[in-house]
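Understanding the architecture of this molecule
So you can see what is in the structure, the chains are spelled out below.
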Amino acid sequence: MKSFTHKQRALGVVLCLSLSFTALAGRLVDLQVFRHSELSGVAESNREQVVHRQGRRGEIRDCNGNLLANSQSVRIVAADPSITISNAPAIAQQLAPLLKMDPASLQAKLAGQGKYVRLKTKIDEDTITQIKALKIKGLVLEDQLLRTYPNGPLASHILGFVDNEHRGVQGIESGLEEYLQGLAGYEVIERDRKGREIRALRDEEIGPRDGFNVVLTIDQVIQHIAETELDKAMAEFHPQAGVIIVMRPKTGEILAMSSRPTFDPNTPGAAPADARRNRCVSDVAEPGSTFKIVVASGALNEGLVTLDDRFDCENGAWLYAGRILHDAHPYGMLSVMEILFKSSNIGAAKIAVTRLGAPRLYSYIRGFGFGRKTGVALPGEVSGIAHPLAKWNPLSISRIPMGHEIAATPMQMLMAMNAISNGGRLMKPQIIKSIVDDKNVPLMTYRPQQVGQPITPRASILMAAALRKVPTPEGTAPKAAVKGYDVAGKTGTAEKIENGQYVKKYYSSFIGYLPAADPEISILVSLDNPAGGAYYGGSVAGPVFRGVAEKVTQYLAIPPQFAEPEEKKVAQL
Amino acid sequence: MRRNRKREPLRFGTVARSLITCVSIAAIGVGYVWQKNQIYRLGDEIKKREAALLATEKRNTMLAAQLAQLKSPAWLEARCQQYGLGLVAPKETQTIRLLEPGPEWDTRFLPPVRPAAQTKPRLVAAR
């Protein structure tokens, strides 16, 4: 055996050490220099975590600041069945009374497949505290944003609802999504061994911005009145559908808008799609006699007729362009005023045929806003149908004045009536009052907007004089009269079309405003196919109009025009 | 040299400087640790406050929704019926409307204004 000298052994040790340190140094250079960017990223991702924080969705409020929709953070109880499966029966027995669930179904969930199963949502904080105290392994408590509509179905068609991703699907929720949705923020955080955030090491912090709050022109009390009266009408007349709109004609502000059938936006999936449609802006129908206001106001505006001009109404049957036009009741000679308040189809047709003419009638149809969207800030609005003049047939000029061959939304009809009540000024319907931040500082305030002037104030006054006679015993809607108030309005009874044919089903409507001389509110009532015999607008929609008008005038403290006799007052007191 | 240094007396200034240096370094070290500790404590405090704020905000939104529900016309109507309070909106005949005060209103309750005394203008002689 060869023996090494002391010097050789020392050299060997030094060599080994040098090689080891050289290898270590080489590895160090590799890690720290050549793979620095890659490894530093891995190290950072192990240590740091980016947490996104969603901004709260904005609230929707009525014109008086009452809350109509807000977002709440609720708790969810979930479980990891891979952990809970071993002790599922005992956990189910403990949790079932707290979660108010059936123990058997709960046990099935706890012993199921996978690593995540949601047990129950919308748990209140007290229950969460009790569940935490049980210290059950495998349970997960999570937060979830929940959109809440405290008034339930009230104004559901206006508000709309949100989907599972908290995005607006319909109504204001969808139309004003860009304002309502908040902006997400993020934080770069570091966690300790137990997964808790080390707050002092928070690196970047961009806070979320909550969504803006939307203030509507809707008044929840008037909305409630409209919905209650519509429910009464639905119970009394059993129509397929119904709508009521209440507006301020001078500004175009919508105070209430209700539609039946309806739904609860807290549980939108529970109602059929048909019930979720806002019929006020998305359904069109032939307006019927309410459309006579267009032809009459056009002829008065042009100075082609006066209210006293008389037309022969042919005793209820008039042959024109090879077809007979009928009136509901036979009339002889009627003045323009009588044609309006007695609602003579023949009279209206004769005004159009003999005085106004097709081009002017068409220009007034367009002038009053038919055939185009009103521009109300609600998604799903349709334009209606107003055929261009080139598509009119010889019969059109006699049928359009009585509201046939044209289709309009309830909103369009009310806007036209508003223009007549408002000195001829056609206003844009307004449903958003303002958009404010969380400190109620307005970011945008919407002002009334005039979009046209189809008729002069003089023609508007003449029309009001004629329409005031409608809710009188001589007119078609005595049941629409409101005690103490000067009401102007027009009835409509339009036959429905099914499979291209008129059938014996009707749209019954009444559109009116009060006080007639200085209108504060205008109301549209329309019922689709009322059952039980009565179907005329005056007898079906008229009383509903009165019911709404009486309550709304009382609520808004609109002073009556006609005082009651003093002795009657004393008796009532 | 060594022998010489041994003989030298211990200078107070040198000792003091050394002590101060040591104490300063120790103080800086302890201060650093203390400050770090304070930062962590403050971080924990902030985290607690943030959690409390979040919880309060959650509770606030929940209570706002509850309040809105309790103030809703449908709820109030139901409660009125439930308790049989007979609360209804006043009829028009039960309402007395006061006229809005006009310009004449301001002068009605003011003491009558006396006409200005008829005095002859005094003539001041120019000097």
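Notes on the structure in this doc start here. Nothing here was measured: the structure is a model prediction, and the numbers come from that model.

Before going further, it helps to examine the overall build of chain B. Within chain B, the secondary structure is distributed over four helices and zero strands. The buried share of chain B, reckoned over its 127 residues, is 3%.

Turning to the interface of chain B and chain A, a few remarks are in order. Of the residues lining the interface, 24 residues belong to chain B; the matching set on chain A comes to 25 residues. Elements with a contribution of two residues or more to the side of chain B that touches chain A: helix H2 (12–71) and helix H3 (73–83) of chain B. The element contributing the most residues to the side of chain B that touches chain A is H2 of chain B, with 15 residues. Residues belonging to the side of chain B that touches chain A are distributed by class as follows: eleven nonpolar, six polar and seven charged.

What follows concerns the nonpolar core. All names here are of chain A. Ranked by size, the top nonpolar core spans 127 residues in total, and within it Ile-244, Ile-245, Val-246, Ala-296, Ile-351 and Val-548 carry the most contacts. With eight residues, the single largest contributor to this core is helix H17 (residues 410–421). Excluding residues that lie within four positions of it along the chain, Ile-244 makes contacts with Ala-226, Glu-229, Leu-230, Ala-256, Ser-258, Ile-523, Leu-524, Val-525 and Val-548. In terms of nonpolar packing, the next biggest core, distinct from the first, is built from ten residues, Val-77, Ile-91, Leu-119 and Ile-131 among them.

Right, let's talk about unusual backbone geometry for a bit. Residues and elements named next belong to chain A. Here the residue pair Arg-260 and Pro-261 is connected by a cis peptide bond, since its omega of 0° sits within 30 degrees of zero. Turning to its location among the elements, Pro-261 is positioned in the loop between strand S10 (253–260) and helix H11 (279–282). Cis geometry is found at the peptide bond from Leu-514 to Pro-515, where omega equals -15°. Along the chain, Pro-515 falls in the loop between strand S20 (501–514) and strand S21 (521–528). For His-166, which is not glycine, the phi dihedral falls at a positive 70°. For His-166, the location among the structural elements is in the loop between helix H7 (156–159) and helix H8 (171–175).

All names here are of chain A. Packing of helix H12 (residues 292–302) against helix H18 (residues 457–467) leaves a shortest axis separation of 9 Å and a crossing angle of 130°. Comparing their axes, H18 and H12 come out oblique. Crossing of H12 over H18 shows right-handed handedness. For the pair H12 and H18, the contacting residues are Ile-293, Ala-296, Ser-297, Leu-300 and Asn-301 in the first and Ala-459, Leu-462 and Met-463 in the second. Residues of the contact of H12 with H18, tallied by class, amount to six nonpolar, two polar and no charged.

Residue and element names in this part refer to chain A. The interhelical angle for the contact between helix H4 (residues 88–99) and helix H5 (residues 103–110), taken along N-to-C directions, is 130°, at an axis separation of 8 Å. One finds that H4 runs oblique with respect to H5. Note that H4 runs across H5; the crossing there is right-handed. Across from Ala-88, Pro-89, Ile-91, Ala-92, Gln-93, Leu-95, Ala-96 and Leu-99 in H4, the residues of H5 making contact are Pro-103, Leu-106, Gln-107 and Leu-110. Residue composition of the contact of H4 with H5, by class: ten nonpolar, two polar and no charged.

Turning next to the sheet that holds S10 of chain A. All names here are of chain A. What the five strands build is an open sheet, ordered S10-S9-S21-S20-S19; its pairing is antiparallel. Strand pairing shows two members of the sheet lacking a second neighbour, S10 and strand S19 (488–498), which therefore form its edges. Averaged over all neighbouring strand pairs, the angle between strand axes comes to 10°, with direction disregarded. Two elements, strand S9 (residues 241–248) and S10, share seven bridges in a ladder whose sense is antiparallel. Looking across to S10, one finds that Val-246 is bridged to Ala-256.

Another point: the environment of Phe-237 of chain A. Residue and element names in this part refer to chain A. Along the chain, Phe-237 turns up in helix H10 (residues 220–237). Note: C-alpha distance between Phe-237 and Ala-10 (227 residues apart in sequence) is 112 Å. Setting aside residues no more than four positions away along its own chain, Phe-237 makes contact with Leu-527, Pro-530, Ala-531, Gly-532 and Val-540.

A word on H4 of chain A. All names here are of chain A. Residues Ile-91, Ala-92 and Leu-95 constitute the buried set of H4. Along H4, the residues classed as buried sweep out an arc of 100° about the axis, all on the same side. Opposite the packed face of H4, turned more than 90 degrees from it, sit the exposed residues Gln-93 and Pro-97. Buried residues along H4 sit in contact with helix H3 (81–84) and H5. The positive-phi residue at the C-terminal boundary of H4 is Lys-100, with phi of around 55°.

What counts and how
- Residues numbered from 1 in each chain as written.
- Chains lettered and ligands numbered in written order.
- Predicted model: local features only at pLDDT ≥ 70, side-chain atom pairs only at ≥ 80, totals over all residues.
- Helix = DSSP H or I, 4+ residues; strand = E, 2+ residues; numbered from the N terminus.
- Buried ≥ 20, exposed ≤ 12 C-beta atoms within 10 Å, placed from the backbone.
- Contact = placed C-beta atoms within 7 Å.
- Nonpolar A, V, L, I, M, F, W, Y, C, P; charged D, E, K, R; others polar.
- Core = buried A, V, L, I, M, F, W, Y, C linked by C-beta atoms within 7 Å.
- Axes fitted to C-alpha atoms, helices over the stretch in contact; angles between N-to-C directions.
- Parallel < 35°, antiparallel > 145°, perpendicular 65-115°, else oblique.
- Left-handed = near helix turned anticlockwise from the far one by under 90°.
- Pairing = 2+ DSSP bridges.
- Arc of directions from axis to C-beta.

Shape is all these values report; function is a separate question.
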